[in-house]
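Structural description and commentary
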Amino acid sequence: MGNEELNKKVMWYEVYRELAELLAKIEGEELYKRCFEEDEFLELHPWTQKFIDYEHEETLKTLDPMHIFASINSSRMREELRLKRIHLYFKILGINDSKEKYPNINFTGCPSPVTISLMAARNEKSQKRIWKVFKEIMNESYKNKKIDYFDLITNWYGIAIESFTILLFWIDAKNFLPLDKNTVSLLRS
């Protein structure tokens, strides 16, 4: 592989779409299990400590797509950490060649919000609904339904309409726009 090929950057939305497709094939409990079995995951994701309750046996043992995408898009994250997390998620999901396939990623235009509330531990009911909506978006079955997804998210702790639309944009940038302050301001102008 020549230097020119090595330095070529792939666009973030191509990488995120592949990651979303892999996530759509798994459930939250299985994702949690795979992630928490990886020592590197715990090292690279200190925010997951809130999911571990050493005093009580009944802990929430599931992760949702918002957790995953928010964890790679924090507004203050260094690119090196971002790449490590992305490659680790691919490894956890069974793709071991992502470092070779995506050695450099161009993050231009990728929303990077403040993610503290997005990575909150949500209850099991919210988690299941998030996964259901995520999978409907991924397999496009939402097009045949008359569901107001925006009504659903009012009960999802840490997720608002703005952040939900950012998630949609992260997983399918060709068909969705984020409704964050910057995008809304641009559309208005």
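A brief structural summary. This is a predicted model, so every value here is computed, not measured.

Before going further, it helps to examine helix α10 (residues 161–171). Counting buried positions along α10 gives 9 out of 11 residues, so the element sits mostly inside the fold. The complete set of buried residues in α10 reads S163, F164, T165, I166, L167, L168, F169, W170 and I171.

Quick look at the nonpolar core now. With 55 residues, the main nonpolar core has Y16, L23, L31, L63 and F69 as its most contacted residues. Elements with a minimum of two residues in this core: α2 (12–23), α3 (28–37), α4 (39–44), α5 (65–71), α6 (79–92), α8 (124–138) and α10. Excluding residues that lie within four positions of it along the chain, L31 makes contacts with L23, I26, L63, I68, I92, L93 and W131.

Overall, the coordinates contain 13 salt bridges when judged by the stated rule. A salt bridge links R34 to E30; the shortest N-O distance between them is 3.0 Å. Remark: E30 and R34 occur in helix α3; sequence separation between them is 4 residues, near one turn of the helix. You can call R34 partly exposed: its relative accessible area is 31%. Between E136 and K132 there is a salt bridge, and its shortest N-O distance comes to 2.9 Å. Taken together, the residues span about one helical turn, with E136 and K132 both in helix α8 at a distance of 4 residues. One network of salt bridges, with partners in common, ties together R17, E21 and D172.

Here we take up the packing of α8 against α10. Axis separation between α8 and α10 bottoms out at 11 Å; the angle between their running directions is 40°. Between α8 and α10, the crossing angle belongs to the class labelled oblique. Note on packing geometry: the crossing formed by α8 with α10 is right-handed. Here α8 contributes V133, F134, I137 and M138 to the contact with α10, which in turn contributes F164, L168 and I171.

As a further point, take the environment of E162. Within the fold, E162 resides in helix α10. On the basis of relative accessible area, E162 is assigned to the partly exposed category, the value being 42%. Through-space distance from the C-alpha of E162 to that of L179 is 5.1 Å; in sequence the pair is 17 residues apart. Residues contacting E162, with those up to four places away along its chain left out, are L179 and D180.

Across all of its chains, the model carries 11 aromatic pairs by this definition. Pairing W156 with F164 gives two aromatic rings, centres 5.8 Å apart and planes at 70°, and the pair type is edge-to-face. Under the relative-accessibility criterion, F164 is labelled buried at 3%. Members of the aromatic cluster, connected to one another through ring pairs, are W12, Y13, Y16, F69, F169 and W170. The lysine or arginine in question, R82, covers the ring of F107, its NZ or CZ lying 3.9 Å from the ring centre.

So, about the environment of K61. Looking at where K61 falls in the secondary structure, it is placed in the loop between α4 and α5. Using a relative accessible area of 47% as the deciding quantity, one classes K61 as partly exposed. Remark: the alpha-carbon pair of K61 and A121, spanning 60 residues in sequence, is separated by 9.6 Å.

Cut-off values and rules
- Residues numbered from 1 in each chain as written.
- Predicted model: local features only at pLDDT ≥ 70, side-chain atom pairs only at ≥ 80, totals over all residues.
- Heavy atoms only, no water.
- Buried < 20%, exposed > 50% of the residue type's maximum accessible area, 1.4 Å probe, protein only.
- Helix = DSSP H or I, 4+ residues; strand = E, 2+ residues; numbered from the N terminus.
- Core = buried A, V, L, I, M, F, W, Y, C linked by side-chain atoms within 4.5 Å.
- Contact = heavy atoms within 4.5 Å.
- Salt bridge = Lys/Arg side-chain N within 4 Å of Asp/Glu carboxyl O.
- Axes fitted to C-alpha atoms, helices over the stretch in contact; angles between N-to-C directions.
- Parallel < 35°, antiparallel > 145°, perpendicular 65-115°, else oblique.
- Left-handed = near helix turned anticlockwise from the far one by under 90°.
- Phe/Tyr/Trp six-rings, centres within 6.5 Å; stacked < 30°, edge-to-face > 60°.
- Lys NZ or Arg CZ within 6 Å of the ring centre and 35° of its normal.

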